[in-house]
Amino acid sequence: MKKRFLSVLLTGTLALSLTACGAAKEAAPAAEPAAETAEATEAAAPEGDTITLGLIGPMTGSLAVYGTHIQSGAELAIEQINADGGVKIGDKAYMLTTEVKDDQGDSTECLNSINALVSDGISLVIGSATSGCTSAITSVANSEGVCLITPSGTSDSLTTTMDYVFRTCFKDSFQGELAAKYAKDEGFSKIGIVYCSADTYSAGLRDAFTAAAGKLGLEIVAEESVASMAEVDYSNQFNKMVSAGAELVFTPFYYDVMGPYLVPQARQAGFSGVLLGADGVDNTETTIPDGMDLSVYNDVLFVNHYATELATSDVSSKFVTTYTDKYGETPNNFDALGYDAVLVYKAAMEKAGSADGAAVQAALADTSVVYDCASGTFSFDETGTPIKTGVLVGYSYEAGASEVTKTAIKVLSVE
Amino acid sequence: MKKENTAFRYLINLVAIIILMVVFVVLSFHSNNTLKLKVAPAVWQCCYLIIMAASLNLVLGYLGQLSLGHCGFMAVGAYTSALISLALQRAGFYTEKNSIQFAITLIISIVAAAVVAALIGVIVGIPALRLKGDYLAIITLGFGMIIVNLINNIPFCGQQGLAEGAASSALYANGLGFTNDEKQSFMWVGVLIVVLCMTTMVMFVRSKFGRVIRAIRDNEIATSATGNDISYYKILTFVFSAFFAGIAGALYSCANVSLATTSFAFTNGSILNSVFIVVTVVVGGMGSMTGSVIAAIGMFLLNYTIKNGSWVNALPEFLKNVFTYPMLVYSIALVIVILFRPKGIMGDKELSLFDIPGYPKRIASYFKNKKAAKEV
């Protein structure tokens with residue numbers, strides 16, 4: 001019996017020590033804004049009420065980077081709005097707060113999260129990070145009359161028929177088009193594609209890229225698919241790319257496989273051309289294994305929503321400086337898109353003169369409104385997707401440097 | 001005396017089931033926001049988790065074979081029912097979910113899901129069940145992954161479904177997918193299906209087939225020596241189990257408006273995956289149907305309340321950190337159950353309504369015996 005209690009104690013301590021390590025890293029930035037917003041709401045309490053925005057995203061699990069960054073971006077925006085006197089509806093000022101739910105990147109959990117938010121009386125929701133999860137909750141948003149802005153759900157079909165669903169990012173078909181345009185402009189003639197036919201994001205991008213490439217007259221010399229987005233072996237695919245003579249390979253994958261597997265294996269297979277990805281490639285620098293030859297990351301490019309260096313408007317440069325001050329790191333596109341979702345809600349609430357779901361939806365559906373946001377100035381098209389530009393970002397490595405650098409190369413647009 | 005007692009027990013159980021059904025039918029027609037947003041989705045999720053755990057228990061607990069690809073059958077069921085219902089919807093067979101046509105669609109979808117999953121069960125079972133132990137586990141593991149990848153690459157299983165879809169991990173359109181309102185008004189249907197499935201499974205286990213498969217678990221050679229065709233019984237159980245996993249899949253597509261193959265993977269972030277179903281069965285007790293039900297509901301409630309309950313916020317700070325990583329909590333719970341109750345919550349006994357009054361006494365005597373054993 002003693003042994004049993006001892007072992008339980010041991011597991012308990014192990015678990016606690018694990019979370020202590022994890023929490024120390026995460027809680028430091030997360031706890032701060034929470035405390036600050038709490039102070040802000042306390043200070044504002046006599047003036048007026050608060051409006052709670054629901055926030056759903058993968059806060060734990062393999063896609064946790066997305067959720068936590070959307071959260072920190074959104075919390076920064078809320079803090080700034082509250083410091084400037086809150087959201088003015090009529091002649092009353094309201095403070096903003098968030099209620100955060102973790103969906104672990106699973107659609108059932110995501111559905112439970114939005115139901116819990118709705119039953120708490122929240123009618124403005126930001127979420128979720130991935131297209132798969134977001135597709136599971138769009139019908140709830142519509143049937144319950146809750147506004148939903150997804151910061152990074154890029155799948156085309158999310159916003160087409162849904163009245164209450166909007167987004168602050170561009171959609172996949174547009175991203176694919178931008179990538180094809182880049183390949184054409186730079187004069188690449190032999191294009192290869194390595195993608196995952198089993199994934200909405202990857203397959204959607206591949207379809208858009210192929211369609212645009214066809215229109216622009218690019219020749220696709222080889223196309224290979226892998227079994228899953230978590231695949232760890234890409235050597236066969238890239239051997240085929242090399243033997244087909246591809247100069248540029250389009251690789252719509254996420255950062256978690258780009259750093260450790262895809263890029264090094266592509267180079268090992270003898271592919272020396274350009275690897276062109278989409279927004280999922282952002283953050284690859286965080287997944288490069290120690291001791292890796294960093295020169296392999298030269299010529300890894302991707303289409304992105306946003307780049308700090310190309311931030312020109314007041315809103316975006318303010319966002320970059322305040323974010324860096326607050327969290328001690330440069331923001332990535334999830335921070336910017338989460339930040340934008342809050343700004344869009346603020347503008348819509350003030351325009352509607354109400355925080356009610358239906359009223360805000362009507363304000364958001366007005367395609368003439370121009371939103372001045374961190375990721376650029378945009379207005380919504382009739383489906384609720386922003387009309388904006390993209391940015392081409394690339395990794396490069398100089399001999400002797402200790403890490404790869406990420407630089408924005410140029411602004412991409414279809415026109 | 002024994003005979004009368006049995007009849008009386010059946011009667012009491014029947015009454016209990018009727019009361020349960022009446023409660024859910026009443027709840028289904030009762031309009032309330034909490035019911036609609038929290039209880040109804042939770043009941044639906046419990047429904048498919050219970051059937052999954054109980055059907056795996058047939059193979060794992062009663063037949064004694066480890067199957068790690070059970071969610072593969074569920075995926076087959078889910079996609080079959082979603083696509084059939086979608087086809088009927090597109091063909092204009094039904095437009096509203098409150099119609100007799102939809103009831104027919106629902107029945108067709110569920111039966112088709114079960115039959116297709118059972119057929120796949122035959123195909124997998126015949127070669128797989130020639131193997132034993134670890135090898136069978138590996139084959140079923142492989143099957144689970146193959147199914148997910150197959151579905152990913154079938155051209156009509158993605159996006160908007162049927163001809164309008166591209167092969168992809170997410171099917172956005174689903175004819176069965178209930179909205180919150182429909183989930184509530186059809187809640188009793190889900191419970192009824194669970195009751196029917198559980199009854200069938202319990203009857204199977206108690207039948208002559210059930211006795212043979214338990215004999216196979218306990219001693220394969222002896223069973224074979226008594227003239228039983230071992231392969232036949234193994235495949236029968238495997239197919240029977242796949243059949244119910246298919247039904248669970250159909251319930252899953254009722255509960256979700258979009259399907260993604262990651263939900264049926266070997267492991268993922270949620271509590272619905274092949275490994276977790278095995279864990280549920282082990283926690284509930286291998287060879288106990290009621291144990292599976294208790295464990296499935298318990299695991300669901302643990303998961304659900306960690307995310308959406310208020311009690312986590314009431315915990316001291318250092319404990320709250322553990323609860324931000326739900327997977328850690330499950331593993332601790334599992335370690336505790338295995339340490340203190342290696343056979344699982346119910347062991348291989350069934351929970352009977354008649355035993356409940358005796359439980360306080362039994363627990364008291366359990367601790368007394370422990371104490372006595374220690375003193376000696």
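Nothing here was measured: the structure is a model prediction, and the numbers come from that model.

### Some points on the sheet that holds strand E2 (residues 87-89) of chain A
Residues and elements named next belong to chain A.
Step number 1: Read from one edge of the open sheet, 6 strands run E2-E3-E1-E4-E5-E6, paired in mixed fashion. Among the strands making up the open sheet, the edge pair consists of E2 and strand E6 (165-167). Within this sheet the neighbouring strands show an average axis-to-axis angle of 30 degrees, counted without direction.
Step number 2: Sheet analysis places E2 next to strand E3 (residues 92-102), joined by 3 bridges and oriented antiparallel. Considered in E3, the bridge of Ile 89 is made with Lys 92.

### Notes on the interface of chain B and chain A
Step number 1: Opposite the 43 residues of chain B that make contact, chain A presents 43 residues.
Step number 2: Contributions of two or more residues to the side of chain B that touches chain A are made by helix H2 (33-62), helix H5 (133-153), helix H6 (180-185), helix H12 (289-308), helix H13 (317-323) and helix H14 (326-340) of chain B.
Step number 3: Its residues placed into classes, the side of chain B that touches chain A shows 19 nonpolar, 21 polar and 3 charged.

### Comments concerning the sheet that holds strand E11 (residues 300-304) of chain A
Backbone-to-backbone hydrogen bonds pair the strands of a sheet. The strands run either parallel or antiparallel.
Residues and elements named next belong to chain A.
Step number 1: Ordered by their spatial adjacency, 7 strands build an open sheet running E8-E7-E9-E10-E11-E15-E16, and the pairing between neighbours is mixed. With partners counted over all chains shown, the strands left at the sheet margins are strand E8 (219-226) and strand E16 (405-412), one partner each. Averaged over all neighbouring strand pairs, the angle between strand axes comes to 25 degrees, with direction disregarded.
Step number 2: Bridging between strand E7 (residues 190-196) and strand E9 (residues 248-250) involves 3 bridges; their strand directions are parallel. Bridge pairing in E9 links Gly 192 to Val 249.
Step number 3: This element, helix H6 (residues 200-216), spans E7, E8 and E9 of the sheet and lies at about 160 degrees to E7.

### A word on the pairing of strand E1 (residues 50-57) of chain A
All names here are of chain A.
Step number 1: For E1, a buried count of 6 out of 8 residues is recorded, marking the element as mostly surrounded by other parts of the structure.
Step number 2: Bridge count for E1 against E3 is 8 bridges, and the pairing is parallel. By the bridge assignment, Ile 56 is partnered in E3 with Lys 101.

### As for the confidence of the model for chain A
Residue and element names in this part refer to chain A.
Step number 1: Per-residue pLDDT for chain A has a mean of 84; in total, 90% of the residues score no lower than 70.
Step number 2: Averaged over each element, pLDDT in chain A is lowest for helix H1 (residues 2-44) (52) and highest for strand E4 (residues 124-126) (94).
Step number 3: Per-residue pLDDT stays below 50 along residues 21-47; that stretch engages in 23 contacts with residues further than four places along the chain or on separate chains.

### Some remarks on the domain arrangement of chain A
Residues and elements named next belong to chain A.
Step number 1: According to the domain assignment, chain A consists of domain 1 (2-170 + 312-384) and domain 2 (173-304 + 391-412).
Step number 2: The C-alpha-based centres of domain 1 and domain 2 are spaced at 30 Å.
Step number 3: Contacts between the two partners involve 10 residues from domain 1, matched on the other side by 11 residues from domain 2.
Step number 4: Its residues placed into classes, the side of domain 1 that touches domain 2 shows 2 nonpolar, 7 polar and 1 charged.

### So, the environment of Ala 374 of chain A
Residue and element names in this part refer to chain A.
Step number 1: Relative to the helices and strands, Ala 374 is located in the loop between strand E12 (371-373) and strand E13 (376-380).
Step number 2: On the neighbour-count criterion, Ala 374 (29 C-beta atoms within 10 Å) is buried.
Step number 3: In this structure, the C-alpha to C-alpha distance between Ala 374 and Ala 307, residues 67 residues apart in sequence, is 9.8 Å.

### Side note on the environment of Phe 102 of chain B
Residue and element names in this part refer to chain B.
Step number 1: Relative to the elements of secondary structure, Phe 102 occurs in helix H4 (residues 100-128).
Step number 2: Overall, the presence of 21 C-beta atoms within 10 Å leaves Phe 102 in the buried class.
Step number 3: Considered as a pair, Phe 102 and Ser 85 are 17 residues apart in the sequence and their alpha carbons are 8.8 Å apart.
Step number 4: Ignoring sequence-local partners within four residues, the contact set of Phe 102 consists of Tyr 94, Glu 96 and Lys 97.

### As for the confidence of the model for chain B
Step number 1: Overall, the prediction assigns chain B a mean pLDDT of 87, with 97% of residues at 70 or greater.
Step number 2: Taken over the whole predicted complex, pTM reads 0.83, whereas the ipTM for its chain interfaces reads 0.85.

### Topic: the packing of helix H3 (residues 70-90) of chain B against H4 of chain B
Residue and element names in this part refer to chain B.
Step number 1: Interhelical geometry of H3 versus H4 gives an angle of 145 degrees and a closest axis separation of 8 Å. Of the two elements, H3 crosses H4, and the hand of that crossing is right-handed. Residues Phe 73, Val 76, Gly 77, Thr 80, Ser 81, Ile 84, Ser 85 and Leu 88 of H3 pack against Thr 105, Ile 108, Ser 109, Ile 110, Ala 112, Ala 113, Ala 114, Val 116, Ala 117, Ile 120 and Gly 121 of H4.

### Here's the deal with the nonpolar core
Burial of nonpolar side chains together is a common tendency in soluble globular proteins.
Step number 1: In this structure, Val 125, Ala 179 and Leu 276 of chain A are the most contacted members of the largest nonpolar core, which totals 126 residues.
Step number 2: Ranked by residues supplied to this core, first place goes to helix H10 (residues 333-352) of chain A with 11 residues.
Step number 3: When residues of this core are assigned to domains, at least three fall in each of domain 1 (2-170 + 312-384) and domain 2 (173-304 + 391-412) of chain A.
Step number 4: Not counting residues up to four positions away in its chain, the partners in contact with Leu 276 of chain A are Ala 179, Tyr 182, Ala 183, Leu 248, Phe 250, Thr 251, Leu 301 and Phe 302 of chain A.
Step number 5: Counting residues in each nonpolar core, the second largest holds 106 residues, with Ile 51, Ala 128, Cys 157 and Leu 259 of chain B among its members.

### Re helix H10 (residues 230-255) of chain B
Step number 1: For H10 of chain B, with 26 residues, the first-to-last C-alpha span of 38 Å sits near the 38 Å given by 1.5 Å per residue.
Step number 2: Taking burial as the measure, the 26 residues of H10 of chain B include 22 buried ones, the bulk of the element.

Criteria and cut-off values
Per-chain numbering applies: the sequence of each chain, read as written, is numbered from 1 onward. Working convention: letters from A go to chains and numbers from 1 go to ligands, in the order in which they are written. A pLDDT threshold of at least 70 governs which residues receive local features in this predicted model, and a stricter bar of 80 or more applies before side-chain atom pairs are shown or counted, although totals over entire chains, interfaces and linings include all residues. Two strands pair if DSSP finds at least two bridges between them. The helix count covers DSSP runs of H or I at least four residues long, the strand count covers runs of E at least two residues long, and both are numbered beginning at the N terminus. Every angle, taken between N-to-C directions, lies between 0 and 180 degrees, and every axis is a line fitted to C-alpha atoms, over only the stretch in contact when it is a helix. We call two residues in contact whenever the C-beta atoms placed from their backbones are within 7 Å. Polarity classes work like this: nonpolar for Ala, Val, Leu, Ile, Met, Phe, Trp, Tyr, Cys and Pro, charged for Asp, Glu, Lys and Arg, and polar for all others, with Gly in that last group. Burial is judged by counting other C-beta atoms within 10 Å of a residue's own C-beta: 20 or more means buried, 12 or fewer means exposed, and anything between counts as partly exposed, with every C-beta placed from the backbone. What pLDDT reports is the predictor's confidence in each residue, on a scale of 0 through 100. Residue ranges assigned to each domain were obtained from an automatic or database domain assignment. Crossings are sorted by hand: turned counterclockwise from the far helix by less than a right angle, the near helix makes the crossing left-handed, and turned clockwise it makes it right-handed. A set of buried residues drawn from Ala, Val, Leu, Ile, Met, Phe, Trp, Tyr and Cys, joined through C-beta atoms within 7 Å, is what defines a nonpolar core. Helix span, as expected, comes to 1.5 Å for every residue beyond the first.

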